[in-house]
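# Per-entry structural report
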Amino acid sequence: MRSLITGTGSYAPAKVLTNADLEKMVATNDQWIVERTGIKERRIAAPDEASSDLAYQASLRALEQSGVKAEDLELIVVGTITPDYPFPSCAAVLQGRLGNKKAFAFDVSAACAGSLYALSVADRFLTSGQVKNALVIGVETLSRITDWTDRNTCILFGDAAGAMVLQPTDDPRRGLRSVKLHSDGSLVSILLMPGGGSREPISQKVVDAKSHYVKMNGREVFKVAVRALEECCREALAEEKLSPSDVTWVCAHQANKRIIDATLQRLDLPPEKCWMNLEKYGNTSAASVPMTLDEANRAGWLKPGDVVLMMAIGAGMAWGASVLRW
Ligand SMILES: CC(C)(COP(=O)(O)OP(=O)(O)OC[C@H]1O[C@@H](n2cnc3c(N)ncnc32)[C@H](O)[C@@H]1OP(=O)(O)O)[C@@H](O)C(=O)NCCC(=O)NCCS
């Protein structure tokens, strides 16, 4: 028995923030942003929109496609680092909003790899027979933890949600195969939000120092990302006795076009196999992989049995790759 994705959905807030808008906020320009990242615009949640609101919209779309009713969900796992509240989980808030009473619901914190981590957790519950259906979400409102005066970070991030409904299948040609996850906690300092947690609880000092915003050493992140993603993709494929040439489609975390291009090149995978949307949404962290999968799915890219290679990396550093037979 394997987990099959029977529905996908995504949602991005209406407000568009373009590179031209950013030019008015920090010392940057459209050409620099496009050349270094591939991003042209990103979406920003409305003041009254929190992560669970974005997740709710994406969930409705995935549930509708799968035919599973919200009240019948048995597991809800949300990958996010920007939950509505420090506690309880975004998953619990979402469950309430969906009017579901049957599921157990919790968040997974693995930054941009959050949805792959969440997918892997849900897969274990499904394949062990403990649940018959699961809702896996990646959602972020990174705009709320972005320093809009820091040009090193504010050009990168956007808000969005992606959702996947998982159900078991006995079809040997289909379903989730290998999921390889890794983390390296020696790299915490290259990408983190230092303030607002138990080490530096929120205080005037934290706010004045802007420690409640994302801090990043972009160059270091870049270096680690390309190497880690390549190795991890090879590992996930090897477990299935597949090589990169067997891959039909790639669903990559949309962090930076140069990271994706370099990783694909190392894997000898043509860029046409990889669905891209970061020019429209920027880096939406945990939302990125399920949102990208949803776009590819709704565009009719994915056919039953296709080999889909998924990959993501983010703060921790935490990363993963997965092979899926659509
Ligand atoms: C952030 C990132 C785009 C920066 O690109 P880079 O090529 O590494 O650029 P650098 O940081 O080396 O900066 C190069 C120059 O551009 C300048 N610069 C930095 N940000 C700029 C901006 N937004 N606009 C214009 N110039 C900028 C720098 O000050 C530097 O100028 P200098 O040479 O005069 O000192 C890139 O490092 C990156 O994408 N890293 C990965 C980030 C990521 O994906 N994070 C999330 C992981 S999930």
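First, a word on what this report is: a plain description of the structure on this page.

## Topic: the pairing of strand S12 (residues 307-314)
Counting buried positions over the eight residues of S12 gives eight, a clear majority of the element. Residues Val-307, Leu-309, Met-311 and Ile-313 line one face of S12 and the alternating positions Val-308, Met-310, Ala-312 and Gly-314 line the opposite face, and both faces are buried. Alignment of strand S11 (residues 249-252) against S12, held across four bridges, turns out to be parallel. What sits directly across from Ala-252, in S12, is Met-311. Linking two consecutive strands that pair antiparallel, namely S12 and strand S13 (residues 318-325), is a turn of three residues; a positive phi of about 145 degrees is found at Gly-316 within it.

## Description of the sheet that holds S11
One key point about sheets: their strands pair by backbone hydrogen bonds, in either a parallel or an antiparallel sense. In spatial order, the strands read S8-S13-S12-S11; together these four strands make up an open sheet with mixed pairing. Bordering the open sheet on either side are strand S8 (175-183) and S11, each of which pairs with just one other strand. Across the sheet, the mean angle from the axis of one strand to that of its neighbour is 15 degrees, orientation sign disregarded. Pairing between S12 and S13: eight bridges, direction antiparallel. Residue pairing for S13: Gly-314 is matched across the bridge by Ala-318.

## What to know about the packing of helix H3 (residues 51-66) against helix H4 (residues 90-98)
Think of two packed helices as two axes; the pair is described by the angle between the axes and how far apart they sit. Contact geometry of H3 with H4 gives a least axis separation of 9 Å together with a crossing angle of 55 degrees. As the angle between them shows, H3 and H4 are arranged oblique. Where H3 crosses over H4, the two elements pack in a sense that is right-handed. Note on element contacts: H4 touches H3 through Cys-90, Val-93, Leu-94, Arg-97 and Leu-98, opposite Ser-51, Ser-52, Asp-53, Ala-55, Tyr-56, Ser-59, Leu-60 and Leu-63. Of the residues belonging to the contact of H3 with H4, the class tally is eight nonpolar, three polar and two charged.

## Description of the nonpolar core
Val-250, Leu-309, Met-311, Ile-313 and Met-317 are the most contacted members of the largest nonpolar core, which totals 46 residues. Where this core is concerned, the elements lending two or more residues are helix H8 (218-239), S11, helix H9 (257-266), S12 and S13. Broken down by element, the residue count for this core peaks at ten residues, all from H8. If you count residues domain by domain, this core takes at least three from each of domain 1 (2-169) and domain 2 (175-325). In this structure, Val-136, Leu-176, Trp-249 and Leu-324 belong to the second largest nonpolar core, which totals 32 residues.

## Some details on the side chain of Asp-306
One can find Asp-306 in the loop between helix H11 (288-298) and S12. Buried charge without a salt bridge: Asp-306, with Lys-303 as the nearest opposite-charge side chain at an N-O distance of 6.2 Å. Engagement of the side chain of Asp-306 in a polar contact is seen with the side chain of Trp-249, the distance being 3.0 Å. Contacts of Asp-306, omitting those with residues within four sequence positions, involve Thr-248, Trp-249, Trp-301, Leu-324, Arg-325 and Trp-326.

## Some points on unusual backbone geometry
Each neighbour pair has its own omega, and for Phe-87 with Pro-88 the value is 0 degrees, a cis peptide bond. Along the chain, Pro-88 turns up in the loop between strand S4 (75-79) and H4. The omega torsion of the bond from Gly-316 to Met-317 falls at -15 degrees, within 30 degrees of zero and hence cis. Its place among the elements puts Met-317 in the loop between S12 and S13. The phi angle at Asp-268 is positive, at roughly 60 degrees, despite the residue not being glycine.

Calculation rules
Residues numbered from 1 in each chain as written. Predicted model: local features only at pLDDT ≥ 70, side-chain atom pairs only at ≥ 80, totals over all residues. Heavy atoms only, no water. Buried < 20%, exposed > 50% of the residue type's maximum accessible area, 1.4 Å probe, protein only. Helix = DSSP H or I, 4+ residues; strand = E, 2+ residues; numbered from the N terminus. Pairing = 2+ DSSP bridges. Axes fitted to C-alpha atoms, helices over the stretch in contact; angles between N-to-C directions. Parallel < 35°, antiparallel > 145°, perpendicular 65-115°, else oblique. Left-handed = near helix turned anticlockwise from the far one by under 90°. Contact = heavy atoms within 4.5 Å. Nonpolar A, V, L, I, M, F, W, Y, C, P; charged D, E, K, R; others polar. Core = buried A, V, L, I, M, F, W, Y, C linked by side-chain atoms within 4.5 Å. Domains from an automatic or database assignment. Lys, Arg positive; Asp, Glu negative; His and termini not counted. Salt bridge = Lys/Arg side-chain N within 4 Å of Asp/Glu carboxyl O. Polar contact = N/O pair within 3.5 Å; in protein donor to acceptor, adjacent residues only side chain to side chain.

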